[in-house]
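What the coordinates show
Residues per chain are reported as follows:
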Amino acid sequence: MEILQSQRVELMVGVAVALVAIGAGTAYYFHLSNKKPKGCLDPESFKEFKLVKRTQLSHNVAKFRFSLPTPDSVVGLPIGQHMSCRGKDSQGEDVIKPYTPTTLDSDIGYFELVIKMYPQGRMSHHFREMCEGDYLAVKGPKGRFKYQPGQVRAFGMLAGGTGIAPMFQVTRAILENPKDKTNVHLIYANVTYEDILLKEELDNLASNFPSRFTVYYVLNQPPEVWDGGVGFVSKEMIQAHCPAPAPDIQILRCGPPPMNKAMAAHLDALRYTPQMQFQF
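Re the nonpolar core
The biggest cluster of nonpolar side chains holds 30 residues, and the ones touching the most others in it are Phe155, Met157, Ile164, Leu186, Tyr188, Leu202 and Phe213. Where this core is concerned, the elements lending two or more residues are strand E7 (154-160), helix H3 (164-175), strand E8 (183-190), helix H4 (199-208), strand E9 (213-219) and strand E11 (249-254). A per-element tally of this core places H3 first, with six residues. Residues within four places of Ile164 in sequence aside, it is in contact with Ala159, Leu186, Tyr188, Leu197, Leu198 and Leu202. Listed in part, the 23 residues of the second largest apolar core include Leu41, Cys85, Phe111 and Met117.

Details of the sheet that holds strand E1 (residues 47-58)
Read across the open sheet, the six strands follow the order E4-E3-E6-E1-E2-E5; overall the sheet is antiparallel. Two strands bound the open sheet, and with one partner strand each, they are strand E4 (94-99) and strand E5 (110-116). Each strand axis lies, on average, 35 degrees off the axis of its neighbour in the sheet, ignoring direction. One ladder, built from four bridges, connects E1 with strand E6 (residues 135-142); its direction is antiparallel. Bridge pairing in E6 links Lys50 to Tyr135. Packing of helix H2 (residues 122-129) onto the sheet brings it into contact with E1, strand E2 (61-67), strand E3 (82-88), E4, E5 and E6, and relative to E3 it is tilted by some 75 degrees.

A look at H3
Taking 1.5 Å per residue as the helical rise, H3 with its 12 residues ought to reach 16 Å, and the 16 Å between its terminal C-alpha atoms agrees with that figure. In terms of burial, H3 is a largely internal element, 12 of the 12 residues being buried. All buried positions along H3 are accounted for by Ile164, Ala165, Pro166, Met167, Phe168, Gln169, Val170, Thr171, Arg172, Ala173, Ile174 and Leu175. Looking at the packing, one finds that the buried side of H3 touches E7, E8, H4, E9 and E11.

Focus: the pattern of salt bridges
Going through the model one piece at a time under the given rule, you end up with eight salt bridges. A salt bridge links Lys88 to Asp94, with the nearest nitrogen and oxygen atoms 2.8 Å apart. By relative accessible area, Lys88 is classed as partly exposed at 41%. What makes Asp94 partly exposed here is its relative accessible area of 46%. Two residues, Arg172 and Asp107, come together in a salt bridge whose shortest N-O distance is 3.0 Å. Here Arg172 is found in helix H3, whereas its partner Asp107 is found in the loop between E4 and E5, with 65 residues between them in sequence.

What counts and what doesn't
Numbers given to residues run from 1 along each chain, matching the order in which its sequence is written. Whole-chain, interface and lining totals are the exception, using all residues; otherwise, since this is a predicted model, local features are given only for residues with pLDDT of at least 70 and side-chain atom pairs are given and counted only at 80 or more. Derived side-chain values reflect all non-hydrogen atoms in the structure, with water molecules and hydrogen atoms excluded from consideration. Only buried residues count toward a nonpolar core, which is a set of Ala, Val, Leu, Ile, Met, Phe, Trp, Tyr and Cys residues joined through side-chain atoms within 4.5 Å. For every residue, the accessible area (1.4 Å probe, protein chains only) is compared with the maximum for its type, and the residue is labelled buried under 20%, exposed over 50%, or partly exposed between those bounds. Where helices and strands are cited, they refer to DSSP runs of H or I of at least four residues and of E of at least two residues respectively, numbered from the N terminus. The contact definition used throughout considers only heavy atoms, calling two residues in contact when any of these lie within 4.5 Å. When DSSP finds two or more bridges between two strands, those strands count as paired. With axes taken as lines fitted to C-alpha atoms, and helix axes fitted only over the stretch in contact, angles between N-to-C directions fall between 0 and 180 degrees. To estimate how far a helix should reach, multiply one less than its number of residues by 1.5 Å. Criterion for a salt bridge: a side-chain nitrogen of Lys or Arg within 4 Å of a carboxyl oxygen of Asp or Glu.

Shown next, in the form of structure tokens:
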């Protein structure tokens, strides 16, 4: 009888210890999950990151994946901000240019850049010459855009060419956050169909979030069969595909300088106030 009572006591103590251990482990898990990891970037000094995968997307566009120091590391780039990348041009001279990753801090252990390499581009030369195993010097975060979930009811986005990068990053962050109910309306302009970057990813977002994200493609030289916009982005296109002027909306724009200038003029004519506009 004494032996049985002793076994019961030992069993109860064992269960209690196990429950304490589980409780402590759960608390530690929530502490880790709620603790925001420190980013890998330095705003003052360049740091080097290894190119681990290069994927050619077209004749002049490639996706570059760079590894971070550990599999659990994050870049630490605020939504909508960019990094400065340093490389060498064809003459061996240093060149620095800003780029926005297409990845977020939810993509741990690496970051990706989708780069369009222009024939005469100085930084384009550096990326064109990069091979897996090479290193890229990066500094950041940089940029004026600061996003908080729910800060506006809706975004209109006017992007041209490689200006899609910050738009894609912001859109992903909004749609992948179950607590963020912001709607996004994107107009994306390019010269030809082949110039459209991240089309598969954008179409997937539009398919997965049909009530919250729309994308309208505009081509200057469309193919014979084409149901998108033709020519340059017009005031009428903005009226049809972007939220109307209101205190709780904002129109973001990012593209080549002539496009940015034209879009600013369109938005002013449509009575979007300066507070309703932001240019990356």
